[in-house]
Amino acid sequence: MKRKKKIIVLLMAALLGSFYLSGCNLMRLLNPPPTPIPPTPEPLTELTICLGYEPDSLYPYKAASQAAHEVLQAIYDGPIDVPGSGPPEPVILKKMPSLSDGSAFFTPVSIADGDEVVNTYGDLVALQPGTRVFPSGCTSPTCAIAWDGATPLQVDQLTASYELLDGLKWSDGQPLSASDSLYAFQVASDPATPVSKNAVNQTASYTVVNDTTIEWVGKPGLVTDAFEDYFWAPMPE
């Protein structure tokens, strides 16, 4: 009899245990534990560029290797992209200067013996008899002349305007303005800056018109439509 009672007590205990466990499972279903929210990943602050070798320099006026140019292309926006074929594409400019819409134009100027002039080869020289130039109104080698040293001479002086897009900013949020391009021109003009001075030598003036506009004026005699060569990529002064 005692054995039977003991078995009944054990069975009831097992049943009560199962009910308790079922109740706990039911409570977990009705009130599931909160799912932990993973922390928000921090924004990336590194840029990885796979290169065959380390760039020699990332100073824009010194970088000469392909590796350096690839890095600079990744961190600088434009200012003007020059594709393998097709016209230059403005990136931070509203448009390229054009003779057709008046944003670039020629002004006739008179020059005399000894004056600075850009010859037909693009070299800045002192005018003297025999110097080959494009007389005013001439834009191709077919009408170029060799100055005879006596005939009064007029050549054209080219002016072009570059207008930046509105709202441009540097990476730290500071506004980018036309004065940053003027500063870049001044740095490029310094004799200590290791960069070709050809475009600098062909430039008569490079001035800020307003916060978004630069006006470039070439030396007398320069005839070109390569306006991408005469806008200096802004540098943060």
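What you see is a predicted model; the values in this text were computed from it and never measured.

A. Region of the structure containing the overall build of the chain. In terms of helices and strands, the chain carries four helices and 10 strands. Relative to its full complement of 237 residues, the chain shows a buried share of 32%. Contacts spanning at least 24 positions in sequence make up 52% of the contacts within the chain whose residues lie at least 6 apart. Split by element, the accessible area of the chain, about 15400 Å² in all, is 58% carbon and sulfur.

B. View of unusual backbone geometry. Of the consecutive residues Gly78 and Pro79, the connecting peptide bond is found in the cis state with omega at 10 degrees. Relative to the elements of secondary structure, Pro79 occurs in the loop between α2 (66-75) and β1 (80-81).

C. Seen up close, the side chain of Gln157. Tracing the backbone through its elements, the reader meets Gln157 in strand β8 (residues 153-163). Residue classification places Gln157 among the buried positions, given a relative accessible area of 17%. Here Gly218 takes part through its backbone oxygen, which lies 2.9 Å from a polar atom of the side chain of Gln157. In contact with Gln157, not counting residues within four places along its chain, are Phe105, Phe106, Thr107, Val109, Ala204, Val217, Gly218, Lys219 and Pro220.

D. Expanded view of the layout of surface pockets. When its volume is computed, the largest pocket comes out at roughly 870 Å³. As for the largest pocket, its lining consists of 23 residues, of which Tyr61, Gly78, Pro79, Phe231 and Ala233 are closest to the centre. Elements represented by at least two residues in the lining of the largest pocket include exactly α2, β1 and α4 (198-201). Per-element accounting of the lining of the largest pocket gives the leading share, three residues, to α2. Taken together, the residues of the lining of the largest pocket break down into 16 nonpolar, four polar and three charged. Taken as a whole, the second largest pocket spans an internal volume of roughly 290 Å³. Residue lining of the second largest pocket: 13 residues in total, with Ile75, Tyr76, Asp77, Trp170 and Leu176 positioned closest to the centre. Of the residues belonging to the lining of the second largest pocket, the class tally is nine nonpolar, two polar and two charged.

E. Just the sheet that holds strand β3 (residues 104-111), in detail. Pairing is antiparallel across the open sheet formed by four strands, whose spatial order is β3-β8-β10-β9. Both edges of this open sheet fall to β3 and β9 (203-210), since each of them pairs with a single strand only. The sheet shows a mean angle of 20 degrees between the axes of neighbouring strands, taken without regard to direction. Running over the sheet, helix α3 (residues 178-189) touches β9 and β10 (213-218) and is turned about 160 degrees from β9.

Thresholds applied
Residues numbered from 1 in each chain as written. Predicted model: local features only at pLDDT ≥ 70, side-chain atom pairs only at ≥ 80, totals over all residues. Heavy atoms only, no water. Helix = DSSP H or I, 4+ residues; strand = E, 2+ residues; numbered from the N terminus. Buried < 20%, exposed > 50% of the residue type's maximum accessible area, 1.4 Å probe, protein only. Contact = heavy atoms within 4.5 Å. Areas by Shrake-Rupley, 256 points an atom, 1.4 Å probe, with all protein chains shown as cover. Polar contact = N/O pair within 3.5 Å; in protein donor to acceptor, adjacent residues only side chain to side chain. 1 Å grid on protein atoms, 1.4 Å probe; cavity = no way out; pocket = protein on both sides within 12 Å on 5 of 7 lines; lining within 4 Å. Points joined across faces, edges and corners; volume = space filled by probe spheres on them. Nonpolar A, V, L, I, M, F, W, Y, C, P; charged D, E, K, R; others polar. Pairing = 2+ DSSP bridges. Axes fitted to C-alpha atoms, helices over the stretch in contact; angles between N-to-C directions.

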